Amino acid sequence: MKKLLLPLIILLLIIGYFMSRDSDDSVGDAYDKMEKPAIEETQPAPDSDSTMPDSSSDPTMPQESDDVAPTTPDPQTSDSTLMDDTEDAARDAGDAVRDAAEDAGDVVKDAADDAGDALKDAGDATKDAAEDAADKAKEAWDDLKDKAKSEDEPQQ
């Protein structure tokens, strides 16, 4: 096993070396292609005898008389629209939270009212039950008194 390990490592090093050379070449080629502007590829190279072309004759070059708008957005306007959008989103979120809080408050109020009504009903039922129990106890007491009086009286 140890005899095969050393040749395998050497083989992997050789393969890695050649693979890295190939990737370096392809990266270099890609970089070279990237450096060339597209205009240079389409226009012929100027002759050394010819003079530089006049920029006033080139329609793609901006002239001094042209009003050229900046191509980048104005940071102040983009920031202000971003701030406006943020403020609008914050207002919408605040409104949603306020509405949710009002709804939750209404639900809690309704639940409290229902709980109060249930407690009142339970209190009334307890009062009625206590009155019924007191009446039955009074009747039982009266029955006992009557029974005791009837036992105390001599029978004829």
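Predicted model, so just to flag it, every value in this text is computed and none were measured.

J.: I'm lost on the overall build of the protein chain in this one. Help?
T.: When you go through the protein chain residue by residue, the secondary structure sums to 3 helices and 0 strands. Reading the protein chain from its N end, one meets helices and strands in the order α-α-α. With 156 residues in all, the protein chain has 0% of them scored as buried. Carbon and sulfur atoms make up 59% of the accessible area of the protein chain, which totals about 14700 Å².

J.: Is there a simple way to explain the pattern of salt bridges in this structure?
T.: Pairs can form between side chains of opposite charge once their charged atoms are near each other. In the structure shown here, the tally under the stated rule is 2 salt bridges. A salt bridge links Asp95 to Arg98, with the nearest nitrogen and oxygen atoms 3.3 Å apart. You can see Asp95 and its partner Arg98 sitting in helix H3 (residues 75-152), 3 residues apart, about one turn around the helix. Judged by its relative accessible area of 44%, Arg98 falls in the partly exposed class.

J.: Sorry, what's going on with a nonpolar patch on the surface here?
T.: Residues Leu5, Leu8, Ile9, Leu11, Leu12, Leu13, Ile15 and Met19 make up a contiguous nonpolar surface patch of roughly 800 Å² in combined accessible area. Here Leu5 is to be found in helix H1 (residues 2-35).

J.: Honestly, the confidence of the model for the protein chain in this entry has me stumped. Any pointers?
T.: Low pLDDT means the predicted coordinates in that region are not meant to be read closely. Confidence in the prediction for the protein chain averages 76 pLDDT; 60% of positions are at 70 or higher. No element of the protein chain has a lower mean pLDDT than helix H2 (residues 38-42), which averages 53, and none a higher one than H3, which averages 87.

Conventions we followed
- Residues numbered from 1 in each chain as written.
- Predicted model: local features only at pLDDT ≥ 70, side-chain atom pairs only at ≥ 80, totals over all residues.
- Heavy atoms only, no water.
- Helix = DSSP H or I, 4+ residues; strand = E, 2+ residues; numbered from the N terminus.
- Buried < 20%, exposed > 50% of the residue type's maximum accessible area, 1.4 Å probe, protein only.
- Areas by Shrake-Rupley, 256 points an atom, 1.4 Å probe, with all protein chains shown as cover.
- Salt bridge = Lys/Arg side-chain N within 4 Å of Asp/Glu carboxyl O.
- Patch = residues over 30% accessible without salt bridge, like charges linked within 9 Å, V, L, I, M, F, W, Y side chains within 5 Å.
- pLDDT = per-residue confidence, 0-100.

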